[in-house]
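Residues per chain are reported as follows:
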Amino acid sequence: MTLHKVLVSRCLLGHRVRYDAGASGPFDQLEQWLAQGRVVALCPEVAGGLPTPRPAAEIPGGQGVEVLAGDARVLTAAGEDFTAAFLSGAQQALALVQRFDIRVAVLKANSPSCGNLLTYDGTFSGVKVGGEGVTAALLKRHGVQVFNELELPAAAQALAALGR
Ligand code: SF4
């Protein structure tokens, strides 16, 4: 029997891939899924070609949905345009989801790529607003249930509901 796999943000697995070269974790649930061979790990921004560390980026005037539609860009505070890298990372996440038939993802909260409920408002002032990052928005559009690291029990329930 093949267990359902879960797409997980690499920074939640202790990989130091965040913009500030930081990471999060460990999380017991993620460790368990790793041991079961369920985890498919990706950092969309690094996969998209960005270095670590890198300048923080936000989405002025929009969210991931608008970036996917071509109506907003991902910019650093200095105005550097990271949109192409973010879109590439999101497409790579979708390719993994389709390759492994993934229905559940656990992505880092609040990120302009991975955030599933909130992202920063584009003013680089620490203010969060409702919305999704670019990768989270693309995966949700394709039917993936996207959770963050504070929602691991709900993610586990969603996985269990899939039946294996
Ligand atoms: S939040 Fe997503 S894009 Fe940012 S470091 Fe973590 S995995 Fe990479």
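Provided above is the structure to which this section pertains.
Residues numbered from 1 in each chain as written. Predicted model: local features only at pLDDT ≥ 70, side-chain atom pairs only at ≥ 80, totals over all residues. Heavy atoms only, no water.

**Details of unusual backbone geometry**
The peptide bond linking Gly25 to Pro26 adopts the cis configuration, its omega dihedral lying at 5°. By secondary structure assignment, the location of Pro26 is in the loop between strand E1 (6-9) and helix H1 (28-35). For the bond from Thr52 to Pro53, the omega torsion is -5°, close enough to zero to count as cis. A positive phi angle is found at Asp101, which is not glycine, with a value near 55°. Mapped onto the elements, Asp101 comes out in the loop between helix H4 (83-100) and strand E5 (104-106). (Helix = DSSP H or I, 4+ residues; strand = E, 2+ residues; numbered from the N terminus.)

**Focus on the nonpolar core**
Leu7, Val74, Leu107 and Leu139 are the most contacted members of the largest nonpolar core, which totals 27 residues. Listed by contribution, the elements that provide at least two residues to this core are strand E2 (39-42), H4 and helix H5 (134-141). Membership of the second largest hydrophobic core comes to 18 residues, among which are Val17, Val106, Phe147 and Leu159. (Core = buried A, V, L, I, M, F, W, Y, C linked by side-chain atoms within 4.5 Å. Buried < 20%, exposed > 50% of the residue type's maximum accessible area, 1.4 Å probe, protein only.)

**With respect to the packing of H1 against helix H6 (residues 152-161)**
At a closest axis distance of 10 Å, the pairing of H1 and H6 adopts a crossing angle of 35°. Contacts from Gln29, Leu30 and Trp33 of H1 reach H6 at Leu152, Ala155, Ala156 and Leu159. Among the residues making up the contact of H1 with H6, the classes are represented as six nonpolar, one polar and no charged. (Axes fitted to C-alpha atoms, helices over the stretch in contact; angles between N-to-C directions. Contact = heavy atoms within 4.5 Å. Nonpolar A, V, L, I, M, F, W, Y, C, P; charged D, E, K, R; others polar.)

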